[in-house]
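The primary structure of each chain is shown beneath.
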Amino acid sequence: MEVTSIQNGIIIDHVPAGTALKVLEYLKINPAKTKLALIMNTDSHLYGTKDIIKIEDEDGKKGPSIDLDVLGLVARTATVGIVRGGRIVEKKTPTLPEHVVNILTCRNPRCVTTTERGIEQMFHLTHSERQEYRCDYCDEEAKL
């Protein structure tokens, strides 16, 4: 299998194996409308196996935007490489965000966010090692 390099865009590397589609969903990237390559379950010296997402920026100017908070939430081990002119010009590492808004949804049927419309879904990090988030309104634990 041959996957060519991209000239301009981003490479999301070290995505946990088998989770690339979930990452695209959380990042709100539509694979049907975006020029991208998914490499799934490839070898990794660090993790055994991994996924890689390459997103081409066709005009080479603005570049696709990636929310590092969302990426840190769903793919904590991922790294982001910004590619310009066929070379990686910048590398970013997402971190686990302390607070997330409208990324997770509360599953508590009595929570104000499920009974009232227009209220933002807000969660705060309570335990970083277990990657545990709780609803700001009812303290229900979020499920990723």
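If you're wondering where the values come from, they're calculated on a predicted model, not measured in any experiment.

A. Structural view of the overall build of the protein. In terms of helices and strands, the protein carries three helices and eight strands. Sequence-ordered secondary structure for the protein, helices as α and strands as β, is β-α-β-β-α-β-β-β-α-β-β. Taken across its 144 residues, the protein has 38% of its residues classed as buried. Put simply, of all contacts in the protein between residues at least 6 apart along the chain, 55% involve residues at least 24 apart. About 8900 Å² of surface is accessible on the protein, with carbon and sulfur atoms providing 46% of the total. Distance from the positive charge centre (19 side chains) to the negative charge centre (21 side chains) of the protein: 3 Å.

B. Focus on the sheet that holds strand E8 (residues 132–135). Here we have three strands laid out as an open sheet, ordered E6-E7-E8, and antiparallel in their pairing. Two strands bound the open sheet, and with one partner strand each, they are strand E6 (99–101) and E8. Geometrically, the sheet is characterised by an average inter-axis angle of 35 degrees between neighbouring strands, direction not taken into account. One ladder, built from four bridges, connects strand E7 (residues 122–127) with E8; its direction is antiparallel. Bridging across to E8, His124 finds its partner in Arg134.

C. Main features of the UniProt feature "domain: Aspartate carbamoyltransferase regulatory subunit C-terminal" (unreviewed entry) in the protein. UniProt tags residues 100–141 as "domain: Aspartate carbamoyltransferase regulatory subunit C-terminal" (unreviewed entry). Taken end to end, residues 100–141 has its terminal C-alpha atoms 13 Å apart, with 10% of it in helix and 29% in strand.

D. Seen up close, unusual backbone geometry. Positive phi outside glycine occurs at His14, with the angle close to 60 degrees. Residue classification places His14 among the buried positions, given a relative accessible area of 18%. With phi around 60 degrees, Asn102 is a residue other than glycine that occupies positive phi space. Asn102 sits in the partly exposed class, given a relative accessible area of 39%.

E. Representation of the pattern of salt bridges. Counted under the stated rule, the structure contains five salt bridges. The residue Arg84 makes a salt bridge to Asp57 at a minimum N-O spacing of 3.8 Å. One end of the pair, Arg84, is in strand E4 (residues 79–84); the other, Asp57, is in the loop between strand E3 (48–56) and helix H2 (68–74), and 27 residues separate them in sequence. A residue is classified by how much of its surface remains accessible, and Arg84, at 24% relative accessible area, is partly exposed.

The rules behind each value
- Residues numbered from 1 in each chain as written.
- Predicted model: local features only at pLDDT ≥ 70, side-chain atom pairs only at ≥ 80, totals over all residues.
- Heavy atoms only, no water.
- Helix = DSSP H or I, 4+ residues; strand = E, 2+ residues; numbered from the N terminus.
- Buried < 20%, exposed > 50% of the residue type's maximum accessible area, 1.4 Å probe, protein only.
- Contact = heavy atoms within 4.5 Å.
- Areas by Shrake-Rupley, 256 points an atom, 1.4 Å probe, with all protein chains shown as cover.
- Lys, Arg positive; Asp, Glu negative; His and termini not counted.
- Charge placed at Lys NZ, Arg CZ, Asp CG, Glu CD.
- Pairing = 2+ DSSP bridges.
- Axes fitted to C-alpha atoms, helices over the stretch in contact; angles between N-to-C directions.
- UniProt positions renumbered as here; feature names shortened; annotations may be inferred.
- Salt bridge = Lys/Arg side-chain N within 4 Å of Asp/Glu carboxyl O.

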